[in-house]
Amino acid sequence: WTSSIPNLITSDSIFNPANAPNKNNVNYFFRYTFVLNGCAAFDSVGVLVKPLPVVDVSVPNVGNCITAPEFNLIGSPTPVGSSVFAGSGVTGNRFNPSTAGPGWHLVTYTYTSPATQCTNDDTVNIFVQEQPDIQISSNSTDACEGIPFTLNSTVVNAGGIQWTSNGDGSFSSNSSPNTTYTPGPNDNANKGFSISGVTTQNGYCPAETENLNITIY
């Protein structure tokens, strides 16, 4: 085998279009010569190398909460014919975080050019975060006037907690998972108060809140 441009064919007679120096609708010619008993015969063939389409896929947000609404996947060039999006949570050209589930998901956009019938693809990774959750508790929903009140919390899928109160008391720490609250004068006068625990460092998700109502005796 010989070619119109040197070194286009490997030693095992393979031509890889990706190795062609120009891929923009250029013809490359190849000649095969066969010699038998000193006599030579040959034949030639031309190969048209067409360009691969330049493909891109993008999303509005790489990181999403599992409770976020589904959204459009953006493919370029604009999807036509047999062009498709594929991956967990993908239906048509839309991605649903809840359907995909928590974790990283690889989405592929495959595009076929109507002009050349050449196919190329691009990928994007989408992260889905589980919704934060918080549970706050105490050994009792009753408190004694002037005595610090113990609070405990369990936080998942978030980095921390912020304690707040509708009263005028004080926390030993308003950001520790376990803390104490000392009722203030207004709390004592009102015979109660409400405590709220709010998740912090929530990533791609909204904060979660839980409330606890306390009665003072």
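Provided above is the structure to which this section pertains.
This section reports on the structure supplied with the text. (Residues numbered from 1 in each chain as written. Predicted model: local features only at pLDDT ≥ 70, side-chain atom pairs only at ≥ 80, totals over all residues. Heavy atoms only, no water.)

**Section: the packing of aromatic side chains**
Next, step 1: Here the structure, examined in full by the defined rule, presents ten aromatic pairs.
Next, step 2: Taking 4.6 Å as the distance between ring centres and 20° as the angle between the ring planes, the aromatic pair formed by Phe85 and Tyr109 counts as stacked. On the criterion of sequence distance, the pair formed by Phe85 in strand 8 (residues 84–86) and Tyr109 in strand 11 (residues 103–112) is long-range, its members being 24 residues apart. Note on accessibility: Phe85 and Tyr109 belong to one class, buried.
Next, step 3: Centroid distance Phe127 to Tyr204: 6.2 Å. Interplanar angle 55°. Geometry classified as tilted. With Phe127 in strand 12 (residues 119–129) and Tyr204 in the loop between strand 19 (192–200) and strand 20 (209–216), this residue pair connects regions lying 77 residues apart in the sequence. (Phe/Tyr/Trp six-rings, centres within 6.5 Å; stacked < 30°, edge-to-face > 60°. Helix = DSSP H or I, 4+ residues; strand = E, 2+ residues; numbered from the N terminus. Buried < 20%, exposed > 50% of the residue type's maximum accessible area, 1.4 Å probe, protein only.)

**Here we look at the state of the cysteines**
Next, step 1: One pass over the structure, following the stated rule, counts one disulfide.
Next, step 2: Disulfide partner of Cys65: Cys205, at an S-S distance of 2.1 Å. Here the disulfide of Cys65 and Cys205 is right-handed, its torsion about the S-S bond being about 100°. On the criterion of sequence distance, the pair formed by Cys65 in strand 5 (residues 63–65) and Cys205 in the loop between strand 19 and strand 20 is long-range, its members being 140 residues apart.
Next, step 3: Given the relative accessible area of 4%, Cys65 is considered buried.
Next, step 4: Residue Cys205 is classed as buried on the basis of its relative accessible area of 8%. (Disulfide = S-S within 2.5 Å.)

**Overview of the sheet that holds strand 1 (residues 2–3)**
Next, step 1: In space, the three strands of this open sheet follow the order 1-2-3, with antiparallel pairing throughout. Since the sheet does not close on itself, it has two edges, and those belong to strand 1 and strand 3 (39–49), each with one partner.
Next, step 2: Relative to strand 3, strand 2 (residues 26–36) runs antiparallel, the two being bridged by eleven bridges. Bridging from a neighbouring strand, Phe29 pairs with Gly46 of strand 3. (Pairing = 2+ DSSP bridges.)

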